[in-house]
Amino acid sequence: MSEENGRIKVALEGVPETLLWNLYNRAAEARRPGSRLLDDPRAVELVDRIDYPFERFGTAMAQWHALRVRCLDDEVRRFVAERPGGTVVALGEGLETQFWRVDDGRVRWLTVDLPETVEVRRTLLPDDPPRRRSLACSALDLRWMDEVGADVPGRDVLVTAQGLLMYLPERDAKGLIAACAERFPGGRFLFDALPRAMVARNQAGAMDPADGGYRAPRWEWGMDVKEYRKVASASPYIAGVRSLRLGRGRGPYAIAPLSHLIPGLRALRMSIVAVRFREETGTAD
Ligand SMILES: C[S@@+](CC[C@H](N)C(=O)[O-])C[C@H]1O[C@@H](n2cnc3c(N)ncnc32)[C@H](O)[C@@H]1O
């Protein structure tokens with residue numbers, strides 16, 4: 001990372017670089033004049049401060065991303081309202097600006113991401129302890145759990161993995177959910193997943209741009225919307241799994257709330273899944 005003319009050059013590669021893709025999509029939607037699905041002034045500010053060829057991402061996916069983000073935000077807000085002073089652990093948070101969109105002045109927030117990403121985040125969005133902290137650690141290195149604090153009850157914890165689990169092998173993704181279920185009784189886990197067909201196309205190189213545009217890294221794990229209940233098999237300590245409905249978008253996205261019911265669209269739609277853990281880990285059958 002280096003600074004020139006007040007702009008910070010960010011040079012990330014592979015999966016960490018994808019955080020810039022999501023950031024750009026949020027900023028593109030937030031900049032829309034008139035009706036928009038997302039207010040995210042911090043994302044706009046970050047894109048303006050970062051020296052990176054964002055145009056390579058294009059904006060075709062901005063509305064899709066915004067629908068995803070709104071749905072995730074609503075679920076995080078529900079947790080914040082139900083558990084005042086609770087802790088959100090944002091795994092693979094990148095340059096998400098969700099904290100500022102959902103903050104109630106009490107929520108505690110722990111970002112866990114890879115060292116190169118946390119370095120960028122700390123430069124652009126400095127930590128503000130004790131409420132907002134970041135930790136350089138893989139989500140799969142469960143030592144991050146120690147940072148939550150032994151005195152924080154599991155039911156006061158929401159772990160999110162937004163835009164992360166598709167980059168992990170299924171075994172690791174489900175193992176992570178299971179470990180959280182055991183460590184945070186009564187807690188919650190929120191994640192998004194890409195449909196199997198899209199993951200297969202990415203793996204076959206069928207989504208690679210012909211014109212030298214941005215090429216997404218390999219996605220490892222996909223899950224169709226109708227499979228969401230199967231997530232419960234990851235751990236006996238899972239009490240319930242819900243598939244969240246997308247909100248209504250503009251134009252062709254007006255049918256987004258019903259997209260899970262339309263056979264042709266169902267296979268193309270991302271899933272947003274909210275998992276609730278059992279209160280007592282000793283009582284699982
Ligand atoms: C697609 S970006 C998502 C960023 C953000 N959550 C969002 O939705 O805008 C993927 C993020 O996962 C992070 N990541 C990849 N592998 C990781 C791992 N094993 N542990 C923690 N973070 C990881 C990357 O550094 C990057 O920030």
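This structure is a prediction, so every number in the text was calculated from the model and none was measured.

Student: Can you help me understand the packing of aromatic side chains in this one?
Tutor: Two numbers describe a pair of aromatic rings. These are the distance of the centres and the angle of the planes. For the structure on display, the rule yields 13 aromatic pairs. Ring centres of Phe57 and Tyr214 lie 4.8 Å apart, and the angle between their planes is 75°; this geometry places the pair in the edge-to-face category. Separated by 157 residues along the polypeptide, Phe57 in the loop between β3 (50-51) and α3 (62-82) and Tyr214 in the loop between α7 (196-203) and β9 (238-243) bring together distant segments of the chain. The same class applies to Phe57 and to Tyr214, which are both buried. Relative to Trp221, the ring of Phe191 has its centre 6.2 Å away and its plane inclined at 25°; by these criteria the two rings are stacked. On the criterion of sequence distance, the pair formed by Phe191 in strand β8 (residues 188-193) and Trp221 in the loop between α7 and β9 is long-range, its members being 30 residues apart. Taken as a pair, Phe191 and Trp221 share a single burial class, namely buried. One aromatic cluster is present, formed by Trp21, Tyr24, Tyr52, Phe54, Phe57 and Tyr214 through successive ring pairs. Cation over ring: Arg132 sits above Phe99, and NZ or CZ is 5.4 Å from the ring centre.

Student: What is the right way to look at the environment of Arg196 in this model?
Tutor: With respect to the element layout, Arg196 can be found in helix α7. For Arg196, a relative accessible area of 40% gives the class partly exposed. C-alpha of Arg196 to C-alpha of Ala267: the two residues are 71 residues apart in sequence and 7.6 Å apart in space. In this structure Arg196 touches Gly222, Met223, Asp224 and Glu227, once residues within four positions along its chain are discounted.

Student: Explain the sheet that holds strand β1 (residues 2-4) here, please?
Tutor: Pairing between the strands of a sheet is mediated by backbone hydrogen bonds and can be parallel or antiparallel. Here three strands make up an open sheet; going across it, the order is β1-β2-β3 and the pairing mixed. The open sheet has two free edges, formed respectively by β1 and β3, since each of these has just one partner strand. Judged from the two bridges that link them, strand β2 (residues 7-9) and β3 form a sheet pairing that is parallel. Paired with Ile8 across the bridge in β3 is Ile50.

Rules of the game
- Every residue gets a number counted from 1 within its own chain, in the order that chain's sequence is written.
- Selection of residues for local features in this predicted model requires a pLDDT of at least 70, selection of side-chain atom pairs for listing and counting requires 80 or more, and totals for whole chains, interfaces and linings are taken over all residues.
- As a rule here, side-chain values come from all non-hydrogen atoms in the structure, and water together with hydrogens is ignored.
- The pairing test for Phe, Tyr and Trp rings, Trp by its six-membered ring, is centres within 6.5 Å, and the orientation test on the planes gives stacked under 30 degrees, edge-to-face over 60, and tilted for anything in between.
- Put simply, DSSP marks the helices as runs of H or I at least four residues long and the strands as runs of E at least two long, and each gets a number from the N terminus on.
- Only protein chains enter the accessibility calculation, which uses a 1.4 Å probe; a residue whose area is less than 20% of its type maximum is buried, one above 50% is exposed, and one in between is partly exposed.
- Charge over a ring is defined by NZ of Lys or CZ of Arg lying within 6 Å of the ring centre and within 35 degrees of the ring normal.
- Whether two residues touch is decided by their heavy atoms; if any such pair falls within 4.5 Å, the residues are in contact.
- Between any two strands, pairing holds if DSSP finds at least two bridges.

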